[in-house]
Each structure stands twice: as C-alpha cells, then as structure tokens.
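# Secondary and tertiary structure notes
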Amino acid sequence: MGDEEARERARAIAEEAGRAAEEHARAEAERMKAEMLTGPMRLEMLRQLGLIYGGLILIGVYMVQPFLTAPSLDATAVVSIVAFSVAIPLLAALVMVNRQETFRRRRTPSVTVTVAQVIAQAAALVGIVAGFWHVTWIAGVTFLAAAFAAILIHSAGFWRLEGTPQQPTP
C-alpha cells in the first residue's frame, strides 16, 4: 500500500503544479495583452488603422476611376466597382471613428464598428483583386497571394516585436 500511496501523492502534487503553471501562464498572457493595448501601443495601433483606412480609400478611388467612363464593363470590373462602392463609404466612416478614437486615446468597444472594419477591409481586398484580375488574371492571383503573405509578415513582425520584451535598440 506504500507504493500506491506514494504514487497517488506524486500524482496530486504534479496536478497541483500543472494547475499553478497554467494559472501563471494565463496571468502572464493577460498582463502582456494589457500592456500591449495601453499607452504608446494603443496610440500606434490607432495610427496604423488610420493609415490602412486612408490607403484603401485612395487605392479604391484610383482603381474605380477608369471604370466610371468605360462604355462597357466585364464581370471583373463590375465586381471591383461594387466592392469599392461598399468599401469606400465604410472606410470613410471608419476614418472618422478612428479620429475620435485617437482624440480619446482609446478604441471603441462597438460591435458595429468591428463588423464594419471586417466588411470594409474585405470589400476593399475583393475590389483590388478584381481590378487587377480585370487587367489579367495572373495579376489578380499574384496580388491575392502577396496580400496574404503581407498579412502573415505583418502579424509575425508584430507578435515578434510585442511578444518578447527587449531593450530598444539605439
């Protein structure tokens, strides 16, 4: 019975250590998340969003211009125009919300704004891909692949910079 008791005690100690480690990891993750969304990081996120929204509006305006005077449009041109007709007004509204967020130095908790962000950015991506596809399908596919690669690169760089505390380089 001594071995059985020792194993049971060791198992209980290991479970308790596992729970403590899990709690510590969760607390550390929450602390890091809170640090990332406060102070300078919060303001930088707001600046980046404003840059993204403005850039997508500019791209949309330039890409739609030639289609407005065209005598006839193929399917890809129609898709591009419809996508940008959704994206541009939403992006303009998001620019205004972003200015208010920057002024207040905090992000809005609005679900409507979050849904608008997703729809506006997705519609802009569809509009750009369709516009390039209108020229040649190879350009559309290439842009789509490059956009996904850019998203991965930005995400990797962001988490690498923000996830590991290091001293700033001079």
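Residues numbered from 1 in each chain as written. Predicted model: local features only at pLDDT ≥ 70, side-chain atom pairs only at ≥ 80, totals over all residues. Heavy atoms only, no water.

As a further point, take the overall build of the protein. When you go through the protein residue by residue, the secondary structure sums to five helices and zero strands. The helix and strand sequence of the protein, counted from the amino end, reads α-α-α-α-α. The long-range share in the protein, meaning contacts at least 24 apart out of those at least 6 apart in sequence, stands at 71%. Of the roughly 12,100 Å² of accessible surface on the protein, a fraction of 68% belongs to carbon and sulfur atoms. (Helix = DSSP H or I, 4+ residues; strand = E, 2+ residues; numbered from the N terminus. Contact = heavy atoms within 4.5 Å. Areas by Shrake-Rupley, 256 points an atom, 1.4 Å probe, with all protein chains shown as cover.)

Here we take up the packing of helix H3 (residues 75–104) against helix H4 (residues 111–135). The N-to-C vectors of H3 and H4 enclose an angle of 145°; their axes lie 7 Å apart at closest approach. In terms of crossing hand, the pair formed by H3 and H4 is left-handed. Residues of the contact of H3 with H4, tallied by class, amount to 20 nonpolar, six polar and no charged. (Axes fitted to C-alpha atoms, helices over the stretch in contact; angles between N-to-C directions. Left-handed = near helix turned anticlockwise from the far one by under 90°. Nonpolar A, V, L, I, M, F, W, Y, C, P; charged D, E, K, R; others polar.)

Glancing now at a nonpolar patch on the surface. Where nonpolar side chains cluster on the molecular surface, the patch consists of Val86, Val111, Val115 and Ile119 and spans about 320 Å² of accessible area. Ranked by residues supplied to the nonpolar patch, first place goes to H4 with three residues. You can see Val86 is positioned in helix H3. (Patch = residues over 30% accessible without salt bridge, like charges linked within 9 Å, V, L, I, M, F, W, Y side chains within 5 Å. Salt bridge = Lys/Arg side-chain N within 4 Å of Asp/Glu carboxyl O.)

Among the nonpolar cores identified, the biggest contains 15 residues, and Phe84, Ala87, Leu91, Leu94 and Ala124 are the most heavily contacted of them. If one sorts the elements of this core by residue count, H4 sits on top with six residues. (Core = buried A, V, L, I, M, F, W, Y, C linked by side-chain atoms within 4.5 Å. Buried < 20%, exposed > 50% of the residue type's maximum accessible area, 1.4 Å probe, protein only.)

The next subject is H3. Look at H3: 43 Å from first C-alpha to last across 30 residues, which is about the 44 Å you get at 1.5 Å a residue. Every buried residue belonging to H3 is among Thr76, Ala77, Ser80, Ala83, Phe84, Ala87, Leu91, Leu94, Asn98 and Glu101, and all of these are buried. (Expected span 1.5 Å × (residues − 1).)

Attention now goes to the packing of aromatic side chains. In this structure the tally under the stated criterion is one aromatic pair. Relative to Phe143, the ring of Phe132 has its centre 5.2 Å away and its plane inclined at 25°; by these criteria the two rings are stacked. Here Phe143 lies in helix H5 (residues 137–163) and Phe132 lies in helix H4, a separation of 11 residues in the sequence. With relative accessibility at 33%, the residue Phe132 sits in the partly exposed group. For Phe143, a relative accessible area of 26% puts it in the partly exposed group. (Phe/Tyr/Trp six-rings, centres within 6.5 Å; stacked < 30°, edge-to-face > 60°.)

For the rest of this paragraph, the subject is the side chain of Gln117. Take Gln117: it is sitting in helix H4. Overall, the relative accessible area of 12% leaves Gln117 in the buried class. Not counting chain neighbours up to four residues away, the residues in contact with Gln117 comprise Leu49, Tyr53, Leu94 and Arg107.

Its place among the elements puts Glu101 in helix H3. Within the buried core, Glu101 has no salt-bridge partner, and the shortest N-O distance to an opposite charge, that of Arg107, equals 4.2 Å. Discounting residues that sit within four places of it in the chain, Glu101 has contacts with Leu46, Arg106, Arg107 and Thr108. (Lys, Arg positive; Asp, Glu negative; His and termini not counted.)

Bringing the confidence of the model for the protein into the picture now. Residues of the protein with pLDDT of at least 70 account for 86%, and the chain-wide mean is 83. Looking at the elements of the protein, mean pLDDT is at its lowest for helix H1 (residues 2–36), recorded as 71, and at its highest for H4, recorded as 93. (pLDDT = per-residue confidence, 0-100.)

Okay, H4 next. The end-to-end C-alpha separation of H4 is 37 Å, in line with the 36 Å expected for 25 residues at 1.5 Å each. Among all positions of H4, only Val113, Ala116, Gln117, Ala120, Ala123, Ala124, Gly127, Ile128, Val129, Ala130 and Gly131 are buried. Measuring from the backbone nitrogen of Thr112 back to the side-chain oxygen at the start of H4 gives 3.2 Å, which picks out Ser110 as the cap. (Polar contact = N/O pair within 3.5 Å; in protein donor to acceptor, adjacent residues only side chain to side chain.)

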